[in-house]
Amino acid sequence: RLDLMVSNDTGPRHIAAALDVPTVTIFGPTHRAWGDSGFGRSAELSLDVECGPCMQRTCPLGHHKCMRDLEPAKVIAAAEQLLMPGRTPLPVSA
């Protein structure tokens, strides 16, 4: 029943893709290539940070810049693009 799923790189995003629900996925410490679902109706957001992707559950440097510095406006813009009829955004790195 969802029009859109916004999630980090976890199981629910894959369930949404399987049900053909557009997804905005936020990648922090995880590497986008390892979580590629091959789903065309998705936007994958991540930041290019010097320390990542580190693949750690807890930030070894204690700052979690890969998540904290990703601006909500970028997530909202990706969601709006996916909700527009006929639009499929490409993966985005900020």
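Structural notes, computed from the coordinates.

Scoring rules and cut-offs
Residues numbered from 1 in each chain as written. Predicted model: local features only at pLDDT ≥ 70, side-chain atom pairs only at ≥ 80, totals over all residues. Heavy atoms only, no water. 1 Å grid on protein atoms, 1.4 Å probe; cavity = no way out; pocket = protein on both sides within 12 Å on 5 of 7 lines; lining within 4 Å. Points joined across faces, edges and corners; volume = space filled by probe spheres on them. Nonpolar A, V, L, I, M, F, W, Y, C, P; charged D, E, K, R; others polar. Salt bridge = Lys/Arg side-chain N within 4 Å of Asp/Glu carboxyl O. Buried < 20%, exposed > 50% of the residue type's maximum accessible area, 1.4 Å probe, protein only. Helix = DSSP H or I, 4+ residues; strand = E, 2+ residues; numbered from the N terminus. Pairing = 2+ DSSP bridges. Right-handed = clockwise from strand over helix to strand, strands pointing away. Contact = heavy atoms within 4.5 Å.

### Observations regarding empty space enclosed by the protein
What the rule picks out here adds up to one cavity of 30 Å³ or more. The calculated volume of the largest cavity comes to roughly 50 Å³. Cys-51, Gly-52, Cys-54, Cys-59, Pro-60, Leu-61, His-64 and Cys-66 are the residues that line the largest cavity. Taken together, the residues that form the lining of the largest cavity break down as six nonpolar, two polar and no charged.

### With respect to the pattern of salt bridges
In total, this model carries four salt bridges according to the counting rule given. Note that Arg-13 is salt-bridged to Asp-9, the shortest N-O span being 2.9 Å. Residue classification places Arg-13 among the buried residues on the basis of a relative accessible area of 2%. When its relative accessible area of 23% is taken as the criterion, Asp-9 is described as partly exposed. We note a salt bridge from Glu-44 to Arg-13, for which the minimum N-O separation is 3.2 Å. Of this pair, Glu-44 sits in strand β3 (residues 42-46) while Arg-13 sits in helix α1 (residues 11-18); the two residues are 31 residues apart in sequence, bridging distant segments of the chain. Among the charged side chains, a salt-bridge network with shared partners connects Asp-9, Arg-13 and Glu-44.

### Here's the deal with the pairing of strand β2 (residues 23-26)
Put simply, side chains in a regular strand alternate between the two faces of the sheet. Covered by surrounding structure in β2 are Thr-23 and Thr-25 together with Val-24 and Ile-26, the residues of both alternating faces. By the bridge criterion, four bridges tie strand β1 (residues 5-8) to β2 in an arrangement that is parallel. If you follow Met-5 over to β2, its bridge partner there is Thr-23. In the classification by handedness, the crossover that spans β1, the intervening α1 and the parallel β2 is right-handed. Both β2 and β3 contribute to a ladder of four bridges, which runs parallel. Note that in β3 the partner of Val-24 across the bridge is Ala-43.

### Quick word on the side chain of Thr-25
Relative to the assigned elements, Thr-25 resides in strand β2. The buried category is assigned to Thr-25, whose relative accessible area is 0%. Ignoring sequence-local partners within four residues, the contact set of Thr-25 consists of Ser-7, Asn-8, Asp-9, Arg-13, Ala-43, Glu-44 and Leu-45.

### A word on unusual backbone geometry
Look at the link from Gly-52 to Pro-53: it is a cis peptide, with omega at 0°. One can find Pro-53 in the loop between β3 and α2 (65-68). The phi dihedral of Met-55 falls on the positive side, at around 65°, and the residue is not glycine. By the secondary structure assignment, Met-55 is in the loop between β3 and α2. Positioned with a positive phi, His-64 is a non-glycine residue whose angle comes to about 50°. Among the secondary structure elements, His-64 is positioned in the loop between β3 and α2. The partly exposed category is assigned to His-64, whose relative accessible area is 23%.

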